[in-house]
Amino acid sequence: MKISRRKFGLSVLCGLGAAVTASRVPGARGAIMPGKEVALLGQGNATPALADAIQTAFQTKQTTLLLPEGEFHFWPEGSSRRFLHVSNNDDAENEIVALLDGAENLHIKGQNTRLIFHGRLTPFVLQNCSNVQLSDVVLDWEVPFHCEATVISAAPDGGQIELEIHPEFRFRVEQGQFYFSGEGFEQEGIKNILEFDAERKETRFQVWDNFFKVRTGEYRRKYHVTRLSDSRISIDLPEVLRSVPLVGNVVVIMPPDRLAPAIFVEDSDGVKIAGVTVHHSGCMGLICHTSSDIVFIDSAVVPSGDRLVSTTVVATHFVNCAGTIRIVNCDFSNHIDDAVNVHGIYV
């Protein structure tokens with residue numbers, strides 16, 4: 001269904017409250033297609049099964065697609081490929097796990113269901129949809145898109161820092177350059193280094209951003225990275241850091257690209273996201289544009305485990321939407337940028 005742009009009014013209702021919690025449940029029994037369960041290997045690729053289940057739901061006009069309790073892992077094999085123009089993110093061909101194009105009156109419902117993604121995947125894309133709901137699932141990535149590191153030492157003038165990269169983050173160094181190593185892809189160059197208070201798990205008081213590589217590919221400032229061991233690096237900075245990090249604090253090293261949102265909604269009406277926890281994504285958690293009447297309720301964009309960062313940019317973002325955007329009883333924390341953006345031209 002294509003949204004008519006005759007309706008220009010917009011109201012935004014926000015009620016920010018308690019966090020949504022979801023516990024880890026070991027094992028994976030499979031994804032339920034309408035009427036039966038699809039068997040999966042314990043840590044096998046669940047992408048084809050979920051894609052098939054969605055296709056079957058389309059063909060049979062199923063109104064509820066039930067996902068079982070458990071943890072499921074998703075790799076690019078079996079995903080849909082589509083070039084997406086995602087507002088305020090990077091245009092690119094996306095590998096999509098759950099592509100819903102033209103879905104109507106469909107509820108994808110989890111039961112304490114954890115969905116873990118591997119590589120540069122876009123988990124959910126809703127285009128030209130009407131009255132679609134996603135509920136009671138947790139979205140996370142096995143290997144994050146960014147890096148987090150403990151400060152081992154810092155020169156008093158901010159011209160050099162030594163860092164210990166935390167074990168779950170992947171990187172490599174070549175000829176002085178830093179590369180973010182995901183599963184099956186890389187990003188070259190550091191966009192930003194931002195210091196966090198290790199005890200409070202929030203940005204250090206009055207800390208400054210340190211921007212290097214911008215989205216055009218150019219560098220505002222230079223640096224040189226040396227690998228000292230498997231997990232330790234030093235960064236030499238001809239232009240010193242704007243604020244010198246404290247030893248024992250954690251710095252977040254951010255990649256330059258904005259790719260792989262958790263949930264992308266376009267040209268759709270009546271979309272409800274309920275009881276969904278987004279622990280991470282390669283850019284925004286929920287991005288909606290040219291859509292109307294969106295509900296984000298009893299949901300959260302928060303880090304998982306010992307990570308400090310949830311989404312690598314804005315948590316939720318709405319562009320040129322109509323009707324009502326309702327954000328109720330949601331928890332937002334440690335996303336790199338705003339919790340909620342609503343952009344557009346309204347007359």
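The sections below set out a description of the structure shown in this document. (Residues numbered from 1 in each chain as written. Predicted model: local features only at pLDDT ≥ 70, side-chain atom pairs only at ≥ 80, totals over all residues. Heavy atoms only, no water.)

## Topic: the nonpolar core
1) Next: Phe-74, Leu-100, Phe-124, Leu-139 and Ile-263 are the most contacted members of the largest nonpolar core, which has 47 residues in total.
2) Next: Sort the elements by how many residues they give to this core and strand β10 (residues 130-141) lands first, with five residues.
3) Next: Those residues within four positions of Leu-100 in sequence are excluded, and the remaining contacts are Ile-54, Phe-58, Leu-106, Ile-108, Val-125, Leu-126, Gln-127, Cys-129 and Val-132.
4) Next: Residues Ile-161, Ile-190, Tyr-223 and Ile-253 belong to the second largest nonpolar core, which totals 21 residues. (Core = buried A, V, L, I, M, F, W, Y, C linked by side-chain atoms within 4.5 Å. Buried < 20%, exposed > 50% of the residue type's maximum accessible area, 1.4 Å probe, protein only. Helix = DSSP H or I, 4+ residues; strand = E, 2+ residues; numbered from the N terminus. Contact = heavy atoms within 4.5 Å.)

## Describing the pairing of strand β5 (residues 70-74)
1) Next: Most of β5 is tucked away: five of the five residues are buried.
2) Next: On β5, burial covers both faces: Gly-70, Phe-72 and Phe-74 on one face and Glu-71 and His-73 on the other are all buried.
3) Next: In this structure, β5 lies alongside strand β8 (residues 104-117), joined through five bridges in parallel fashion. When the sheet's bridge partners are listed, Phe-72 is paired in β8 with Leu-115. (Pairing = 2+ DSSP bridges.)

## A look at the pattern of salt bridges
1) Next: With the rule as written, the count across this model stands at 13 salt bridges.
2) Next: With a shortest N-O distance of 2.9 Å, Arg-307 and Asp-140 are connected by a salt bridge. You can see Arg-307 sitting in the loop between β27 (300-301) and β28 (316-319) and its partner Asp-140 sitting in strand β10, a full 167 residues away along the chain. The residues Arg-307 and Asp-140 share a single accessibility class, namely buried. (Salt bridge = Lys/Arg side-chain N within 4 Å of Asp/Glu carboxyl O.)

## Remarks on unusual backbone geometry
1) Next: Its identity as a non-glycine residue notwithstanding, Asn-320 has a phi of 50°, on the positive side.
2) Next: Its relative accessible area of 34% is what places Asn-320 among the partly exposed residues.
3) Next: Even without being glycine, Asn-329 reaches a positive phi, approximately 55°.
4) Next: We classify Asn-329 as partly exposed; its relative accessible area is 30%.

Purely spatial values, then, with no claim about function.
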